[in-house]
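# Structural description and commentary
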Amino acid sequence: MTETAGTPEGHVKDGQVADAVPENWVDTLAPSWSRPYLRLSRADRPIGTWLLLLPCWWGVLLAAASTSFKLFDLWIIVGCALGAFLMRGAGCTWNDITDRDIDAQVARTRSRPIPSGQVSTKQALAWLVIQTGLAAFILFTFNWASIGLGILALLPVAIYPFAKRFTWWPQVFLGLAFNWGALLAWTAHTGSLGWPPVILYIAGISWTLFYDTIYAHQDKEDDALIGVKSTARLFGDNTAPWLRFFMMASVMLMSIAIILALVPTGANVLALVLALLGAWGFGWHMMWQMRQLDTEDTDTCLRLFRSNRDAGLIPALFLAVAALL
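What comes next is a walk through the structure. Model, not experiment: these values are computed from the prediction.

Moving on to the overall build of the chain. Helices and strands together make up the secondary structure of the chain, namely 17 helices and 0 strands. Since a compact globule built from 325 residues should have a radius of gyration of about 20 Å, the 19 Å found for the chain is in line with a globular shape. Dimensions of the chain, computed from C-alpha atoms along their principal axes, come out at roughly 60 × 45 × 35 Å. Buried positions account for 55% of the 325 residues belonging to the chain. For the chain, the proportion of contacts with a sequence separation of at least 24, taken over those separated by at least 6, is 74%. Carbon and sulfur atoms form 69% of the exposed surface of the chain, whose accessible area is close to 13900 Å².

What follows is the structure in C-alpha cells.
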C-alpha cells in the first residue's frame, strides 16, 4: 500500500486528515477550535454524508411517486439531509472511538483526530452525544412509525465498527446501517412499511458492498498486517466478478422495488419508465466504475468510491421527476 498518510507530522499539516478532500471547508474556513470535532465527524470528507442521505431520498421519492407528492415531503427531504450529516458524524465518531487503536496502526487513518491526539476519547464521547441529540430533534418531527425505525437504526450503527473483527463481510453491516434511510423515509411519507422499501433497502445494501469493497482495497495491506477483515481481502484478485454481481443485484432489486411501488397504484406510465431509467442509469455508472477500476491503485479506488455520490444521485433525480408527474 502506498504510504499516502505518512505520520501526522508528515505531509498532512495543521491536523489535517490524510484522505481529506483538498482545500475542504473544514481546513480552510472553520474556526480552529472546531476543526478536530468536524474532522471527527468526517465533515472534511462529505462523501459519507451523501452515501447515507441518498437512500433516504430514494425512499421518500419512490413513496411520493407511488402516491402523490406532499408538501411535507419537502421537509422529509431537508430533514433527512440534516439528519444524514449529523448521524454520519455521530457514526464516524463512534467508529473512531472504537477503532482508535487500529487507526493508529494504519497509514491512511493514523492522522485522524483521536490517534493523532487532537481529541481525547472523553471529548469524542461528548461530541457523539451532542450530534445524536440534535439528530433526535429532527427525527421527532416525523410520524411515530418512522421514529421507531430511527431508534432501531442505532443497533446496526453500534455494531458496525466491531464487524471487521469477527466477519469477512463487515461491508454488509455497513450496508445495513447506511441504507436504513430508505425504510425510514418511505415510512415518513406513507406511515407504514411495505415490500417496495424493503427491496429498495436490500438494493442499497448491495450497492454498499460494491462501493465499500472498492474503498477497502486502499487498506488491504495494513488490514492484513493487523488482522482486520474486509471483502477486499476476502475477494482479492476475484474482486471484479463480485463487484459485477453486486452491481447487477443493485439494479435488478431497485427495478423490482420501483415496479412493486408504482404498478399496483396505477401510476403514470411515464413515471414508471422514468423511474426505471433512473435504476438503469445507476447501473451504467457502476459499469463505468468497473472499467476504471485498478484495485492496486489507491488513488483510483478513492476516486471511484467518491464517484458513487453521482451514481446514487441518478435514480434520485429520475424518481424526483417521476414523483412530480
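Here we come to the environment of Asp223. Structurally, the position occupied by Asp223 is in helix α12 (residues 220-226). Residue Asp223 is classed as buried on the basis of its relative accessible area of 8%. Distance from Asp223 to Lys164, taken between C-alpha atoms, is 9.7 Å for residues 59 residues apart in sequence. For Asp223, the contacting residues outside a window of four places in its chain are Val228, Ser230 and Arg233.

Turning next to the side chain of Thr187. Position of Thr187 relative to the elements: it lies in helix α10 (residues 180-190). At 2.7 Å, the side chain of Thr187 forms a polar contact with the backbone oxygen of Leu183. Excluding residues that lie within four positions of it along the chain, Thr187 makes contacts with Asn143, Ala145, Ser146, Leu149, Ser192 and Leu193.

Moving on to the packing of aromatic side chains. As enumerated under the stated definition, the model contains 19 aromatic pairs in all. Consider the rings of Trp169 and Phe235, whose centres lie 5.4 Å apart with planes at 75°: the pair is edge-to-face. Here Trp169, found in the loop between α8 (154-166) and α9 (170-178), pairs with Phe235, found in helix α13 (residues 231-235); they are 66 residues apart in sequence, far enough to count as distant. Taking the relative accessible area as the measure of exposure, Trp169 reaches 29% and is therefore partly exposed. Using a relative accessible area of 5% as the deciding quantity, one classes Phe235 as buried. Ring centres of Trp207 and Phe282 lie 5.4 Å apart, and the angle between their planes is 75°; this geometry places the pair in the edge-to-face category. With Trp207 in helix α11 (residues 195-216) and Phe282 in helix α15 (residues 269-292), the pair connects residues that are 75 residues apart, well separated along the chain. The exposure class assigned to Trp207 is buried, which follows from its relative accessible area of 0%.

In this section: the packing of α11 against helix α17 (residues 308-324). Where α11 meets α17, the closest approach of the two axes is 11 Å, and the angle between their N-to-C directions is 160°. By the angle between their axes, α11 is roughly antiparallel relative to α17. You can see that α11 and α17 cross each other, and the crossing is right-handed. Side by side, α11 and α17 meet where Trp207, Phe210 and Tyr211 of the first sit next to Asn308, Ala311 and Gly312 of the second. For the contact of α11 with α17, the residue count by class is 4 nonpolar, 2 polar and no charged.

The next subject is the nonpolar core. Counting residues in each nonpolar core, the largest one holds 64 residues, and the members touching the most others are Trp58, Leu62, Trp207, Phe210, Met254, Ile258 and Leu262. Per element, the largest residue contribution to this core is 14 residues, and it comes from helix α3 (residues 47-66). Core analysis: the next-biggest nonpolar cluster, separate from the first, contains 6 residues, Leu149, Ala153, Leu183 and Ile205 among them.

Despite not being glycine, Glu23 shows a phi value in the positive range, around 55°. Within the element layout of this structure, Glu23 appears in the segment before α1 (25-28). Overall, Glu23 belongs to the exposed group, its relative accessible area being 69%. Notably, Arg42 is not glycine yet its phi reads approximately 65°, a positive angle. Following the sequence through the fold, Arg42 ends up in the loop between α2 (35-40) and α3.

Now for the pattern of salt bridges. Per the stated rule, a full pass over the model turns up 8 salt bridges. Among the salt bridges present, the one from Arg39 reaches Asp27, with a minimum N-O distance of 2.8 Å. Here Arg39 is found in helix α2, whereas its partner Asp27 is found in helix α1, with 12 residues between them in sequence. Neither residue differs from the other here; Arg39 and Asp27 are each classed as buried. A salt bridge links Asp96 to Arg42; its shortest N-O distance comes to 2.8 Å. On the criterion of sequence distance, the pair formed by Asp96 in helix α4 (residues 71-98) and Arg42 in the loop between α2 and α3 is long-range, its members being 54 residues apart. Comparing Asp96 with Arg42, the two get one shared label, buried. One salt-bridge network, held together by shared partners, links Arg42, Asp96 and Arg112.

Rules of the game
- In this numbering scheme, every chain counts its residues from 1 along its sequence in written order.
- In keeping with the model being predicted, local features are shown solely for residues with a pLDDT of at least 70 and side-chain atom pairs are shown and tallied solely at 80 or more, while totals for entire chains, interfaces and linings include all residues.
- Only hydrogens and water are removed before side-chain values are computed, so all heavy atoms of the structure are retained for them.
- Per the convention used, a helix needs a DSSP run of H or I reaching at least four residues, while a strand needs a run of E reaching at least two, with both numbered from the N terminus.
- Taken over C-alpha atoms, the radius of gyration is set against a globule rule of 2.2 Å times the number of residues to the power 0.38.
- Between buried and exposed lies partly exposed: a residue is buried under 20% and exposed over 50% of the maximum accessible area for its type, with that area taken using a 1.4 Å probe on protein chains only.
- The criterion used for residue contact is that any of the two residues' heavy atoms lie within 4.5 Å.
- Accessibility throughout is a Shrake-Rupley quantity obtained with a 1.4 Å probe, and a residue counts as covered only by protein chains that appear here.
- N or O atoms closer than or at 3.5 Å make up a polar contact, with two conditions inside protein: a donor-capable atom paired with an acceptor-capable one, and, for residues adjacent in sequence, both atoms drawn from side chains.
- Classification of ring pairs uses Phe, Tyr and Trp, with its six-membered ring standing for Trp, and accepts pairs whose centres are within 6.5 Å; under 30 degrees between planes counts as stacked, over 60 as edge-to-face, and the remaining range as tilted.
- Lines are fitted to the C-alpha atoms to define the axes, a helix being fitted only along its stretch in contact, and any angle between axes, read from their N-to-C directions, falls within 0 to 180 degrees.
- Roughly parallel covers angles under 35 degrees, roughly antiparallel covers those over 145, roughly perpendicular covers 65 to 115, and oblique covers all other angles.
- Crossings are assigned a handedness: left-handed for a near helix turned anticlockwise from the far helix by less than a right angle, right-handed for a clockwise turn.
- All amino acids are sorted into three groups, where Ala, Val, Leu, Ile, Met, Phe, Trp, Tyr, Cys and Pro are nonpolar, Asp, Glu, Lys and Arg are charged, and the leftover types, Gly among them, are polar.
- Buried residues of nine kinds, namely Ala, Val, Leu, Ile, Met, Phe, Trp, Tyr and Cys, make up a nonpolar core once their side-chain atoms join them within 4.5 Å.
- In what follows, salt bridge is the name for a side-chain nitrogen of Lys or Arg lying within 4 Å of a carboxyl oxygen of Asp or Glu.

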